[in-house]
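# Summary of structural features
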Amino acid sequence: MRKKIKKTVLALSLVSCAAIANDTQSLVGIEGGYSSLSYEQNIPYNNDTYTLGSAGVKVGAQNKNYRIFAGARYYNSKNFDYMTTFGVELQYLINVSPAVNCFIGLNAGIVNIGFTRNNFSRTISDNYYGGDLGLNFHVAKSIDLELGLRVMDIEAENTQNNITYKFNTLVSGYGSIIYKFQMD
């Protein structure tokens, strides 16, 4: 599974570099959102969903039809000591009008989770992959407002003393303010 994700990230990087090589704008964004994370544990059996707030930053580049971002996000929840993601997103832009783009994309990266259960400190560091879609509004020449939905398939687990915690899918609704500028 890890080899498959590494190959996917490499392929996304190569394709995106070629896709955005001409007429490129640089991007810097800040993001805030609300997420749900599904999990299960085996003893006692429990299948539930955590809700989390998130904040993040992302940097990238864009041409007429493609964007690529590298991003980092912190998720805040009373259920975790910490939860972070670091990854890349490749998005295809559909130019609906001069004021709005729709986008659809792929994402991949690493999720890190630290939590304490039953007097044991537990950590998870695993790969994720998924997709995203949304709307990108051109508020000004150099400012965009983005509203999106991101889905990440985590499939991470931690086992200690025969108790296993599995984290499955992270679904995030988010808003971003993106500053666009030309690098010369």
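Here goes a summary of the coordinates provided. Per-chain numbering applies: the sequence of each chain, read as written, is numbered from 1 onward. This being a predicted model, a pLDDT of at least 70 is required before a residue's local features are given, and a value of 80 or more before pairs of side-chain atoms are given or counted; all residues contribute to the totals for chains, interfaces and linings. Each side-chain value is worked out from all heavy atoms of the structure, with water and hydrogens disregarded.

## Section: the pairing of strand 2 (residues 46–62)
- Pairing between strand 1 (residues 25–41) and strand 2: 17 bridges, direction antiparallel. Each residue of the ladder has a partner; that of Gln25, found in strand 2, is Gln62.
- Note on pairing: two strands pair once DSSP finds at least 2 bridges between them. In this description a helix means any DSSP run of H or I spanning at least four residues, a strand means any run of E spanning at least two, and both kinds are numbered starting from the N terminus. Linking strand 1 to strand 2, which pair antiparallel, is a turn of four residues.
- Sheet topology note: the strand 2/strand 3 (residues 66–76) ladder contains ten bridges and is antiparallel. The residue of strand 3 that forms the bridge with Gln62 is Arg67.
- Linkage of strand 2 to strand 3, two consecutive antiparallel strands, is achieved through a turn of three residues.

## A look at the pattern of salt bridges
- Salt bridge, as used here: a side-chain nitrogen of Lys or Arg that lies within 4 Å of a carboxyl oxygen of Asp or Glu. Under the counting rule described, the total for this entry stands at eight salt bridges.
- A salt bridge links Arg150 to Glu31; its shortest N-O distance comes to 3.1 Å. Residue Arg150 is located in strand 7 (residues 143–160), and its partner Glu31 is located in strand 1; the two are separated by 119 residues in the primary sequence. One exposure class covers both Arg150 and Glu31, and it is buried. Each residue gets one of three labels from its accessible area relative to the maximum for its type: buried under 20%, exposed over 50%, partly exposed in between, using a 1.4 Å probe on protein chains only.

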